[in-house]
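Below are the chains, spelled out letter by letter.
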Amino acid sequence: KVRYIKYYRSFDKFAMKSFMHEALQFWKHAAGQCVIDNTSLAVLSGTGENAIFHSDMNAFARHRGFQWVAHPLKKPNWKAGKERNFRSVETNFLPGRSFKNMEDLNRQALEWATQWYFHHPDDKTKLVPASQWEVEKPYLETVPDYIEPPYKNYERLADKNGFIAVYANYYWIPKIKEQDVKVIEYPGRVKVFQNRELLIEYPLKPCDVKYQQVVPDWY
């Protein structure tokens, strides 16, 4: 019954990995199987018990102590429980709230899921997720204290002033002008390399911030 909630403006494989990584690092435990729908983000081919998962998704799961399971088609009961959880969020968390931005939305969502809901008795069963969690933990897989976060990399060309563009913002790179650099993006931050040398690291600007020049505090 424990939950972890985060909203995204768009959702791709990197976002899926980032979400799972953050949730498992927060709770520090994972079930042996993670049942998902037959999304192409994880499933390479087939459906249900015949699903073949992308190799990188299998590696992602293996490092965290679980395996993916795709639910069979035309078996709505497999999915109904999770769909009910979405409805609970839509009818209990969202109504009557206001949010300044995506960061504020996700801050409130995390607090609701891991504090209020975690300690609130279920309306029907009267079970408290926090109490059930202590019962269930011995049967779960322990997630290692540190696992490298998911990442993706791409090339950028620094302009004549030493800035590179990432998500419509411009990040300054020391000693580099009009040269190619490698950008490695982790959830919420980027590192910039050239010839395997780390040049600088930045937290990414919020998704609703655009067209800003970003420099380090010491610049």
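All of these numbers come straight from a predicted model, not from anything done at the bench.

Undergrad: Would you mind going over the side chain of H21 with me for this structure?
TA: With respect to the element layout, H21 can be found in helix α1 (residues 13–27). Take H21: its relative accessible area is 8%, and that puts it in the buried class. Apart from residues lying up to four places away in sequence, H21 is in contact with F60, R64, I147, E148, P149 and P150.

Undergrad: Would you explain helix α5 (residues 129–136) in this entry?
TA: Within an α-helix, residues lying three or four positions from one another point in the same direction, as the helix has 3.6 residues per turn. Those residues of α5 not exposed but buried are P129, A130 and W133. Buried residues of α5, viewed axially, fall in a sector of 100°; they line one side. Here the buried face of α5 lies against α1 and β1 (29–30).

Undergrad: Quick question: what am I supposed to make of the nonpolar core here?
TA: General note: in soluble globular proteins, nonpolar side chains tend to be found buried as a group. With 25 residues, the main nonpolar core has M20, I36, F53, F66 and W68 as its most contacted residues. For this core, the leading source of residues is α1, giving six residues. Look past the residues within four positions of F53 in its chain and what remains in contact with it is I36, A42, V43, L44, N58, W68, V69 and A70. Membership of the second largest hydrophobic core comes to 17 residues, among which are A158, Y171, I176 and V183.

Undergrad: What's the story with the pattern of salt bridges in this structure? I'm lost.
TA: Once their charged atoms are close, side chains differing in charge can pair, the charge on each being opposite to the other. Applying the stated rule across the entire model yields eight salt bridges. Note that R107 and E111 form a salt bridge whose closest N and O atoms lie 3.6 Å from each other. With R107 and E111 both in helix α4 (residues 102–116), this residue pair falls four residues apart, about one helical turn.

Cut-offs and rules
- Residues numbered from 1 in each chain as written.
- Predicted model: local features only at pLDDT ≥ 70, side-chain atom pairs only at ≥ 80, totals over all residues.
- Heavy atoms only, no water.
- Helix = DSSP H or I, 4+ residues; strand = E, 2+ residues; numbered from the N terminus.
- Buried < 20%, exposed > 50% of the residue type's maximum accessible area, 1.4 Å probe, protein only.
- Contact = heavy atoms within 4.5 Å.
- Arc of directions from axis to C-beta.
- Core = buried A, V, L, I, M, F, W, Y, C linked by side-chain atoms within 4.5 Å.
- Salt bridge = Lys/Arg side-chain N within 4 Å of Asp/Glu carboxyl O.

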